[in-house]
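Summary of the model geometry
Given next are the chains, with one letter for each unit.
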Amino acid sequence: MHTLDVALGERAYPIHIGRGLLDDPALILGRLQAPRVAIVTNDRVGPLYLSRLQGALEGNGVRVDSVVLPDGEAYKDWQTLNLIFDALLGARCERSTTVIALGGGVVGDMAGFAAATYQRGVPFIQIPTTLLAQVDSSVGGKTAINHPLGKNMIGAFYQPRLVIADTATLDTLPERELKAGLAEVIKYGLIRDLPFFDWLEANIDSLLERDPAALAWAIERCCRNKAEVVAADETEKGERALLNLGHTFGHAIETALGYGTWLHGEAVAAGTVMAAELSRRLGWLHGAQVERVRTLLRRAGLPVSGPALGAERYLDLMAHDKKVEAGQLRLVLLKDIGAGVVSATADSADIAAAIEACSVR
Ligand SMILES: NC(=O)c1ccc[n+]([C@@H]2O[C@H](COP(=O)([O-])OP(=O)(O)OC[C@H]3O[C@@H](n4cnc5c(N)ncnc54)[C@H](O)[C@@H]3O)[C@@H](O)[C@H]2O)c1
Ligand SMILES: O=C(O)C(=O)C[C@@H](O)[C@H](O)[C@H](O)COP(=O)(O)O
Ligand SMILES: [Zn+2]
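Source: prediction; values computed, not measured. (Residues numbered from 1 in each chain as written. Chains lettered and ligands numbered in written order. Predicted model: local features only at pLDDT ≥ 70, side-chain atom pairs only at ≥ 80, totals over all residues.)

**Here's the deal with the packing of helix α6 (residues 175–192) against helix α7 (residues 194–208)**
Note the cut-off: Throughout, an axis means a line fitted to C-alpha atoms (over the contacting stretch in the case of helices), and angles, computed between N-to-C directions, take values from 0 to 180 degrees. The way it works is that DSSP assigns letters per residue, a run of H or I at least four long becomes a helix, a run of E at least two long becomes a strand, and they are numbered from the N terminus. We call two directions roughly parallel when the angle between them is under 35 degrees, roughly antiparallel when it is over 145, roughly perpendicular when it lies between 65 and 115, and oblique otherwise. Note on contacts: residues are paired as contacts if their backbone-placed C-beta atoms lie within 7 Å. Amino acid classes used here: Ala, Val, Leu, Ile, Met, Phe, Trp, Tyr, Cys and Pro are nonpolar; Asp, Glu, Lys and Arg are charged; the rest, including Gly, are polar.
Interaxial distance between α6 and α7 falls to 7 Å at its minimum, and their mutual angle equals 155°. By the angle between their directions, the pair α6 and α7 is classed as roughly antiparallel. Contacts from Leu182, Val185, Ile186, Tyr188, Gly189 and Leu190 of α6 reach α7 at Leu194, Phe196, Phe197, Leu200 and Leu207. Here the residues of the contact of α6 with α7 are counted per class, giving 10 nonpolar, one polar and no charged.

**Quick notes on unusual backbone geometry**
This is how it is decided: Counts of 20 or more other C-beta atoms within 10 Å of a residue's own C-beta define buried residues, counts of 12 or fewer define exposed ones, and intermediate counts define partly exposed ones; C-beta atoms are placed from the backbone.
If you check the backbone angles, arginine 92 has positive phi at about 50° while not being a glycine. One can find arginine 92 in the loop between α3 (78–90) and β5 (98–103). For arginine 92, a count of 8 C-beta atoms within 10 Å puts it in the exposed group.

**Some words on the sheet that holds strand β9 (residues 162–166)**
Test applied: Think of it this way: DSSP has to see at least two bridges between two strands before they count as a pair.
Strand order across the open sheet formed by seven strands is β1-β2-β9-β6-β5-β3-β4, with mixed pairing between neighbours. Looking along the sheet, the strands with just one partner apiece sit at the ends: β1 (2–6) and β4 (63–69). For this sheet the average axis-to-axis angle between neighbouring strands, irrespective of direction, equals 15°. Bridge analysis of β1 against strand β2 (residues 13–18) gives five bridges, and the strand direction is antiparallel. Its bridge partner lying in β2, histidine 2 is registered against isoleucine 17. Relative to the sheet, helix α2 (residues 45–58) contacts β3 (36–42), β4 and β5, its axis offset from that of β3 by approximately 170°. Its contacts with the sheet place helix α4 (residues 105–117) against β3, β4, β5 and β6 (124–128), and it is angled at close to 170° to β5.

**Considering the site of ligand 2**
Spelled out, the test is: Being near a molecule or strand means, for a residue, that its C-beta atom, positioned from the backbone, comes within 6 Å of it. All the domain ranges listed were derived from an automatic or database domain assignment.
Every residue near ligand 2 is listed here: Asp136, Gly140, Lys142, Lys151, Asn152, Glu184, Glu236, Arg240, Leu243, Asn244, His247 and Lys322. Here the shell around ligand 2 is composed, by residue class, of one nonpolar, four polar and seven charged. Of the domains in this structure, domain 1 (2–172) and domain 2 (175–357) are the two that each give at least three residues to the shell around ligand 2.

**With respect to the environment of isoleucine 154**
As for its position among the elements, isoleucine 154 is in strand β8 (residues 150–157). On the basis of neighbour counts, which here come to 14 C-beta atoms within 10 Å, the residue isoleucine 154 falls in the partly exposed class. Linking isoleucine 154 and glutamate 201, residues 47 residues apart in sequence, is a C-alpha distance of 36 Å.

**So, the pairing of β5**
It is a general feature of regular strands that their side chains alternate between the two faces of the sheet. Definition in use: Place the viewer so that the strands point away; then a crossover is right-handed whenever the path from the first strand over the helix to the second strand goes clockwise.
The buried fraction of β5 is high, at six of six residues. As paired strands, β3 and β5 are joined by four bridges and run parallel to one another. Pairing of alanine 38 across the sheet is with valine 99, part of β5. As paired elements, β5 and β6 share five bridges and run parallel to each other. The partner of isoleucine 100 across the bridge, within β6, is isoleucine 125. Crossover handedness for the path β5 to α4 to β6: right-handed.

**A closer look at the site of ligand 1**
The local shell around ligand 1 holds 29 residues, among which Gly104, Gly105, Val106, Thr130 and Ser137 are the closest. A class-by-class count of the residues in the shell around ligand 1 yields eight nonpolar, 13 polar and eight charged. When we break the shell around ligand 1 down by domain, the ones giving at least three residues each are domain 1 (2–172) and domain 2 (175–357).

**Points about the environment of proline 70**
With respect to the helices and strands, proline 70 occurs in the loop between β4 and α3. Overall, proline 70 belongs to the exposed group, with 12 C-beta atoms counted inside 10 Å. When the C-alpha atoms of proline 70 and threonine 41 are compared, they prove to be 8.8 Å apart, with 29 residues separating the residues in sequence.

**Structural notes on the confidence of the model for the protein**
Rules: How sure the predictor is of each residue is captured by pLDDT, a score from 0 to 100.
Here the protein averages 97 in pLDDT, while 100% of its residues score no lower than 70. Of the two predicted TM-score estimates for the complex, the pTM is 0.98 and the ipTM is 0.99.

**What to know about the UniProt feature "domain: 3-dehydroquinate synthase N-terminal" (unreviewed entry) in the protein**
As a reminder of what qualifies: UniProt positions are given in the numbering used here, feature names are shortened, and annotations may be inferred rather than shown by experiment.
UniProt tags residues 67–179 as "domain: 3-dehydroquinate synthase N-terminal" (unreviewed entry). End C-alpha to end C-alpha, residues 67–179 measures 28 Å, and it is 34% helix and 29% strand.

**Points about the nonpolar core**
Filter applied, for reference: By definition, a nonpolar core groups buried Ala, Val, Leu, Ile, Met, Phe, Trp, Tyr and Cys residues that connect through C-beta atoms lying within 7 Å of each other.
Val40, Leu102 and Ala275 are the most contacted members of the largest nonpolar core, which has 110 residues in total. Both domains that furnish three or more residues to this core are identified here as domain 1 (2–172) and domain 2 (175–357). Excluding its chain neighbours within four sequence positions, the residues that come into contact with alanine 275 are Leu245, Gly246, Phe249, Leu331, Val332, Leu333 and Leu334.

**Regarding the UniProt feature "binding site: Zn(2+)" (unreviewed entry) in the protein**
UniProt feature "binding site: Zn(2+)" (unreviewed entry): in the numbering of this structure it lies at Glu184, His247 and His264. Spanning 81 residues, the annotated positions come together in the fold, the maximum distance between their C-alpha atoms being 10.1 Å. Assignment of secondary structure puts glutamate 184 in helix α6. Relative to the assigned elements, histidine 247 resides in helix α9 (residues 247–257). Contact partners of histidine 247, with chain neighbours within four places excluded, come to Val268 and Gly271.

Quick look at the structure:
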């Protein structure tokens, strides 16, 4: 097992990474405020892992209640969030009850938002079971639900007390989901970690083959990058926005097509190519560097162009982005591979040209 810390002072917490951690309740027991938890999962992950976790905790005297949500990004909404509140209230969960998210980023984001708001905040633990959630969404405290007009528009910053990434759970992850997670993995290389990007170019096939050592190493490297960024800028006043590379374009794709049509990672991949192409148009990247980005994403089995929505539709949706300031769009672009930058330099014509150049015609 490898352990990293997210250095947030009194609210610092560990991220444990390793195979079989789900069967080690001691990691959780020491972090509970009271011997009571509410596990939030979904109808795909629940049948795979809920009884194991529940059994391990109950065997140690913990009262366990659970709520099983319908699976999918389309359910990351108010109605489904309310199912969590119904369950917490129905079981008379108290302020000391710990909410545990068991699942991918959708479950994590919703359980986290519920934990942030139930009785004005209860303790929260993340047990991520997708690659994307193990490298990104379980760390850093962004929680949210979607709105028809925009992704993650209603939410809160609310840190977990513990993250447990059992890499053995990735054995059951569908291939399309594994690839979607690789979009966020590649993101860290692009925004701040050139040696990692080089490593990914050499090892992407091992990751696709689920080589346990390669996966564990990549997850740890991503978590280390994310933990550093979050510790430096918890609420995204500056550097944290770099974690949004490809997301302003990607969120527009997810919203336009209907949540769940393209996976989050797939939309981020296409958006990352758009960001790289825009960076080239601004004179920051060479064509060969854009090609390097495109090639790695393609090798990871990810889309490298977006749907042909028309640049106007993209721009309209992108205007809802949370990084907009005084009506001005700010985008994460690349000054180099391994050097992301948040920039308002590009005008609408530049952005539209990059979108059109990277959309399927
Ligand atoms: N909070 C953040 O910082 C952050 C970061 C990145 C993404 N996100 C959000 O995360 C979501 C995407 O997360 P995701 O890619 O994990 O999607 P997801 O949660 O929908 O999980 C993907 C699919 O895999 C299934 N699944 C999960 N674990 C499994 C396992 N071990 N075996 C078999 N199937 C399993 C899920 O039920 C689902 O069908 C998006 O809503 C995105 O906005 C949040
Ligand atoms: O943790 C962050 O900060 C991120 O931006 C990580 C992203 O991968 C994630 O998709 C996040 O939810 C996007 O944030 P948003 O603020 O644009 O909704
Ligand atoms: Zn993301």
